[in-house]
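As a plain string of letters, each chain reads:
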Amino acid sequence: MLVLVVGASGAGKDTLIEAAQTTLDGDGRFRFVRRVVTRPVIEGGEKHESVTDEEFDRRAEAGHLALQWRAHGLRYGLPGSIARDLDAGRVVVANVSRATVPQLSSRFRVHVVEVTAPTEVRARRISERGREDADDLARRLARAILLPLPVERDTIVNTGTVAEGAAQLVAVLNRAAEHALQA
């Protein structure tokens, strides 16, 4: 099963994914995907594979990306290797744009985890990252993409501690692993 972690900028997706990955380290039932992004790696930011636009194009043309999309002036992709992990029965966890859910759900069995937080919390978190100016911050806060229905989903309201949010995500992932075994 492909577990798609989605949510607005500043909701805390990357933080919860990283904490869940640490908790589940060594559990072969799970694979946490590292996105390919045309953005340099920033200390304390998302752990992604940074590539140039040219390298991104090469990978896309060679069929090495299972999915690609654009958001916030950047290009994002998921590695094609996720198909092998899914075929092997693993739960693959990926941070994706909400706009990609229809395309992915048409190709894979998916479960969506939507991470949310109040606007003021998201604004503070985005501001603390120090990557966006005031206009970019306002655009990120205003961006709204509704999830298509029907899609299996859970929602995590991420206003507590990282440990609390991560525990909720780990519980969802463990349920997904159980469902994957039954499929």
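In case you missed it, the structure is sitting above this.
Everything quoted here is computed from the prediction, not taken from an experiment.

> Would you explain the overall build of the protein chain in this entry?
The number of helices and strands found in the protein chain is seven helices and nine strands. Across the protein chain, the fraction of contacts at a sequence separation of at least 24, relative to all contacts at a separation of at least 6, is 68%. When the accessible surface of the protein chain is split by element, carbon and sulfur atoms take 49% of a total near 9500 Å².

> Help me understand the nonpolar core, please; the structure alone is not making it clear to me.
For soluble globular proteins, the rule of thumb is that nonpolar side chains tend to be buried together. Ranked by internal contacts, the top residues of the largest apolar core, which has 23 residues, are Leu 2, Leu 4, Leu 78, Val 96 and Leu 104. Of all the elements in the fold, those that place two or more residues in this core are strand 1 (2-6), strand 5 (65-71), strand 6 (74-79), helix 3 (82-87), strand 7 (91-95), helix 4 (101-107) and strand 8 (110-116). Ranked by residue count, the leading element in this core is strand 5, at four residues. Ignoring sequence-local partners within four residues, the contact set of Leu 2 consists of Leu 86, Val 92, Leu 104, Phe 108, Arg 109, Val 110 and His 111.

> Teacher, can you tell me more about the sheet that holds strand 2 (residues 30-32) here?
By way of backbone hydrogen bonds, the strands of a sheet pair with one another, either parallel or antiparallel. Read across the sheet, five strands follow the order 2-7-1-8-9 without closing on themselves; strand pairing throughout is parallel. The two strands at the open ends of the sheet, each matched to only one other strand, are strand 2 and strand 9 (153-157). Across the sheet, the mean angle from the axis of one strand to that of its neighbour is 20°, orientation sign disregarded. Bridge count for strand 8 against strand 9 is five bridges, and the pairing is parallel. Bridge pairing links Thr 116 to Val 157 in strand 9.

> Where do I start with the pattern of salt bridges in this structure?
When the charged atoms of two side chains with opposite charge come close together, those side chains can pair. In this structure the tally under the stated criterion is nine salt bridges. With a shortest N-O distance of 2.8 Å, Asp 27 and Arg 29 are connected by a salt bridge. Owing to a relative accessible area of 34%, Arg 29 belongs among the partly exposed residues under this scheme. Note that Arg 59 and Glu 55 form a salt bridge whose closest N and O atoms lie 2.8 Å from each other. Of this pair, Arg 59 and Glu 55 are both found in helix 2 (residues 53-61), four residues apart, which corresponds to roughly one turn of the helix. Relative accessible area serves as the criterion here: at 18%, Arg 59 is assigned to the buried category. In this structure, a network of salt bridges that share partners links the residues Glu 49, Glu 55, Arg 58 and Arg 59.

Thresholds, definitions, all that
- Residues numbered from 1 in each chain as written.
- Predicted model: local features only at pLDDT ≥ 70, side-chain atom pairs only at ≥ 80, totals over all residues.
- Heavy atoms only, no water.
- Helix = DSSP H or I, 4+ residues; strand = E, 2+ residues; numbered from the N terminus.
- Contact = heavy atoms within 4.5 Å.
- Areas by Shrake-Rupley, 256 points an atom, 1.4 Å probe, with all protein chains shown as cover.
- Core = buried A, V, L, I, M, F, W, Y, C linked by side-chain atoms within 4.5 Å.
- Buried < 20%, exposed > 50% of the residue type's maximum accessible area, 1.4 Å probe, protein only.
- Pairing = 2+ DSSP bridges.
- Axes fitted to C-alpha atoms, helices over the stretch in contact; angles between N-to-C directions.
- Salt bridge = Lys/Arg side-chain N within 4 Å of Asp/Glu carboxyl O.

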